[in-house]
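Here is what each chain is made of, one letter per residue.
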Amino acid sequence: MNKGIKKRVLRYLKRRKTGATVREVIEHIYGKYEHSKYSYIYLLLSYLQAKGLVERAFEGGAYRWKVKE
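The residue numbering used here restarts from 1 in each chain and proceeds along that chain's sequence as written. A pLDDT threshold of at least 70 governs which residues receive local features in this predicted model, and a stricter bar of 80 or more applies before side-chain atom pairs are shown or counted, although totals over entire chains, interfaces and linings include all residues. Hydrogen atoms and water are omitted, and side-chain values are computed over all heavy atoms in the structure.

Caption draft 1: Geometry of the environment of Glu69. Under the scheme used here, helices are H or I runs from DSSP no shorter than 4 residues and strands are E runs no shorter than 2 residues, and both carry numbers assigned from the N terminus. Of note, Glu69 is situated in the segment after strand E2 (62-67). C-alpha separation for the pair Glu69 and Lys14, spaced 55 residues apart in sequence, amounts to 9.8 Å.

See the structure below:
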């Protein structure tokens, strides 16, 4: 996995106290939503969850990911 993207995603999630959806992460990292990036970012967030760095909660029809405290 790209360490630069991983760091940017973690920094973004730390700033957002309410967490973010995959779509919001993509829009922040790439400047606009790109459907082709969805699987990559979802996989990255799942990897970070397995490492115990982030957690997710189902809210409003989508998962919101946030840094685990």
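Caption draft 2: Expanded view of the environment of Thr21. Take Thr21: it is sitting in the loop between helix H1 (3-15) and helix H2 (22-30). In this structure the C-alpha to C-alpha distance between Thr21 and Trp65, which are 44 residues apart in sequence, comes to 6.1 Å. Ignoring any residue separated from it by four or fewer positions in sequence, one finds Thr21 in contact with Ala62, Tyr63 and Arg64. Every residue pair with non-hydrogen atoms within 4.5 Å of one another is taken to be in contact.

Caption draft 3: The pattern of salt bridges, seen in detail. We count a salt bridge whenever a side-chain nitrogen from Lys or Arg sits within 4 Å of a carboxyl oxygen from Asp or Glu. Counted by the stated rule, this structure contains three salt bridges. Taking the shortest distance from any N to any O, the salt bridge between Glu27 and Arg23 comes out at 3.4 Å. Taken as a pair, Glu27 and Arg23 lie in helix H2 at a separation of four residues, close to a single helical turn. Ionic pairing is found between Glu24 and Arg64, a salt bridge with its closest N-O pair at 3.2 Å. Within this pair, whereas Glu24 is found in helix H2, its partner Arg64 is found in strand E2, the two being separated by 40 residues in sequence. Categorising residues by exposure relies on relative accessible area from a 1.4 Å probe, with only protein chains included: less than 20% of the type maximum marks a residue as buried, more than 50% marks it as exposed, and the intermediate range marks it as partly exposed. Residue Glu24 is classed as partly exposed on the basis of its relative accessible area, which comes to 23%. Through salt bridges with shared partners, a single network forms among Arg16, Glu24 and Arg64.

Note that all results are geometric; they support no functional claim without further evidence.
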